[in-house]
Amino acid sequence: MDMALVARRPGGPEVMEWSAVETAAPGPGEALVRHTAIGVNFIDVYHRSGLYPWPEGRMIPGAEAAGVVEAVGPGVDTVRPGDRVAYVLKFGAYRTRRVVPADRLVRLPDAIPDTVAASVMLKGLTAQYLVTSSYAVQPGDTVLVHAAAGGVGLLLGQWLRAIGARAIGTAGGPAKVALALQHGYSDVIDYTATDFAPEVARLTRGALCAAVYDSVGRDTWRGSLACLKRFGMFVNFGQSSGMIEDFKLSDLARGSLSANRPMLFDYVDAREDLERRAADLFARLERGEVRADVVATRPLSEAAEAHAALEGRRTTGTTVLIP
Ligand code: NDP
């Protein structure tokens, strides 16, 4: 019997119940995967809480996982039983085994352990599209990243350094500041103690930033816009502090700024995009340019505790659930 964290209504971490679930045999184009590691992401919180739309009926959160193919359905020739694989899908990963569309699976290089794969499929592919597509970062650019000690934040800092950009980060508290400084950031501002926008102006001697990657939202967006130089790009890719509600297009008039609000799933929907972006991510991991080296593990059954810690700003790097 397979086990899963099942939510039957939107709510706090406690709505996820450790439950027995049926797993069907894979149909045409599908593969059955036995999970070995499952990533925890803020998007799981948005889904569980009801901030993002729910599927019909019950919901199993979880958007990234690694595992081993146990069986494939008719017509599948991209993966075989025994292959080590990983995937990113909107929800459904907090379970021991799962049937997924085979064209969503990428095979894992030997050098990438399952816990690393399960902590970078969503967060690392996000870092990849943010720096290549939301704003194509150039060597010499100065870029601001909020929540720099978080899961996406630690990957982004290293990636930006590898491109040759100057990454300035923000983080909540001295321990997080110190951690982010070890992951590619040239400067990290404790934005719980210091007003970050004047500090960015000081650090850049008034030159400001080509782009801001803002996943905090409500508490930071105004300051983020103030950190952009002429023609700068405001990338809002999340809202860990709450939704941005009173943004007006005319807020972009100072300096002819641009803004976008991207979602990973659009950038990996086409199979060739998934493969191309995953190949870039895996190559950077294998070269050591980007390390997923701050990974806390917990038993899958403790997903509720993992959510409470993430929402309570008590985590750094990533958390991986082990079935
Ligand atoms: P993080 O590990 O970054 O955790 C969120 C962090 O946000 C916290 O650790 C905290 O860091 C900061 N934060 C600031 N204010 C608050 C608050 N009021 N409550 C809680 N946290 C707060 O999470 P992830 O790496 O999983 O995700 C980072 C962000 O990226 C999320 O907003 C997520 O939704 C977004 N995302 C978006 C994607 C997309 O394609 N659009 C894809 C993947 C992720 P500190 O204490 O340092 O402030």
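About the criteria used
Residues numbered from 1 in each chain as written. Predicted model: local features only at pLDDT ≥ 70, side-chain atom pairs only at ≥ 80, totals over all residues. Heavy atoms only, no water. Helix = DSSP H or I, 4+ residues; strand = E, 2+ residues; numbered from the N terminus. Rg over C-alpha atoms; globule rule 2.2 N^0.38 Å. Buried < 20%, exposed > 50% of the residue type's maximum accessible area, 1.4 Å probe, protein only. Contact = heavy atoms within 4.5 Å. Areas by Shrake-Rupley, 256 points an atom, 1.4 Å probe, with all protein chains shown as cover. Lys, Arg positive; Asp, Glu negative; His and termini not counted. Charge placed at Lys NZ, Arg CZ, Asp CG, Glu CD. Pairing = 2+ DSSP bridges. Axes fitted to C-alpha atoms, helices over the stretch in contact; angles between N-to-C directions. Domains from an automatic or database assignment. Buried area = accessible area lost by both parts, 1.4 Å probe. Polar contact = N/O pair within 3.5 Å; in protein donor to acceptor, adjacent residues only side chain to side chain. Nonpolar A, V, L, I, M, F, W, Y, C, P; charged D, E, K, R; others polar. Parallel < 35°, antiparallel > 145°, perpendicular 65-115°, else oblique. Phe/Tyr/Trp six-rings, centres within 6.5 Å; stacked < 30°, edge-to-face > 60°. Near = heavy atom within 4 Å.

**With respect to the overall build of the protein chain**
- The number of helices and strands found in the protein chain is nine helices and 15 strands.
- On C-alpha atoms alone, the protein chain measures out to a radius of gyration of 20 Å, which is about the 20 Å that the 2.2 N^0.38 rule sets for 323 residues.
- With respect to the three principal axes, the spread of C-alpha positions in the protein chain is 60 × 40 × 35 Å.
- Taken over 323 residues, the protein chain has a buried fraction of 57%.
- The contacts of the protein chain with a sequence gap of at least 6 include a subset with a gap of at least 24, amounting to 69%.
- Approximately 13,400 Å² of the protein chain is accessible, and the part contributed by carbon and sulfur atoms is 51%.
- The centroid of the 35 positive side-chain charges in the protein chain is displaced by 4 Å from the centroid of its 36 negative side-chain charges.

**Focus: the sheet that holds strand E12 (residues 228-236)**
- Strand order in the open sheet made by the six strands is E10-E9-E8-E11-E12-E13, with parallel pairing throughout. Only two strands of the sheet have a single partner each, and these edge strands are strand E10 (185-190) and strand E13 (258-260). Neighbour-to-neighbour, the strand axes of this sheet turn through a mean angle of 15°, independent of strand direction.
- Taken together, the three bridges between E12 and E13 define a ladder with parallel strand orientation. Looking at the pairing, Met 233 lines up with Ser 258 of E13.
- Contacting strand E9 (166-171) and E10, helix H4 (residues 174-181) runs over the sheet at an angle of about 170° to E10.

**Regarding the domain arrangement of the protein chain**
- For the protein chain, the assigned domains read domain 1 (2-121 + 265-322) and domain 2 (139-261).
- One C-alpha centre belongs to domain 1, the other to domain 2, and the line joining them spans 27 Å.
- Each partner contributes to the interface: domain 1 provides 20 residues, whereas domain 2 provides 19 residues.
- Together domain 1 and domain 2 conceal approximately 1,500 Å² of surface at their shared face, both sides included; 58% is due to carbon and sulfur atoms.
- When residues of domain 1 are sorted by the area they lose upon contact with domain 2, Val 290, Arg 291 and Arg 313 head the list and together hold 28% of the total.
- Counting the contacts that link domain 1 with domain 2 gives nine residue pairs in polar contact (both at pLDDT 80 or more).
- Those elements that provide at least two residues to the side of domain 1 that touches domain 2 are helix H1 (42-49), helix H2 (114-134) and helix H8 (271-287).
- With three residues, the top contributor of residues to the side of domain 1 that touches domain 2 is H8.
- Partitioning the side of domain 1 that touches domain 2 into residue classes produces nine nonpolar, five polar and six charged.

**Structural notes on the packing of H1 against helix H9 (residues 303-311)**
- Running from N to C, H1 and H9 point in directions that differ by 105°, and their axes come no closer than 10 Å. Between H1 and H9, the angle falls in the class roughly perpendicular. Two secondary-structure elements touch here, H1 through Phe 42, Asp 44, Val 45 and Arg 48 and H9 through His 307, Leu 310 and Glu 311.

**Details of the packing of aromatic side chains**
- Counted by the stated rule, this structure contains four aromatic pairs.
- Ring centres of Tyr 129 and Tyr 267 lie 4.3 Å apart, and the angle between their planes is 10°; on these two criteria the pair is classed as stacked. Of this pair, Tyr 129 sits in helix H2 while Tyr 267 sits in helix H7 (residues 264-267), placing them 138 residues apart in sequence.
- By relative accessible area, Tyr 267 is classed as partly exposed at 21%.
- Seen from their ring centres, Trp 221 and Phe 247 are 5.8 Å apart, and the 75° between their planes marks the pair as edge-to-face. With Trp 221 in helix H6 (residues 221-226) and Phe 247 in the loop between E12 and E13, this residue pair connects regions lying 26 residues apart in the sequence.
- An aromatic cluster is defined as three or more aromatic residues linked by ring pairs; in this entry it consists of Phe 42, Tyr 46 and Tyr 52.

**Quick word on the site of the ligand**
- Taken together, 30 residues sit near the ligand, with Tyr 129, Lys 176, Tyr 191, Phe 237 and Leu 264 positioned nearest.
- In the model, an oxygen atom of the ligand is placed 2.7 Å from a nitrogen or oxygen of the Lys 176 side chain.
- The contact in question runs from a nitrogen atom of the ligand to an N or O atom on the side chain of Arg 261, over 3.5 Å.
- In isolation the ligand has 900 Å² of accessible area, and contact with the protein removes 93% of it.
- Of all the secondary structure elements, the ones that give two or more residues to the shell around the ligand are H1, H2, helix H3 (151-163) and H9.
- Element by element, the count of residues in the shell around the ligand is highest for H2, at four residues.
- Among the residues forming the shell around the ligand, the class breakdown is 14 nonpolar, eleven polar and five charged.
- Shared between two domains, the shell around the ligand takes at least three residues from each, and those domains are domain 1 (2-121 + 265-322) and domain 2 (139-261).

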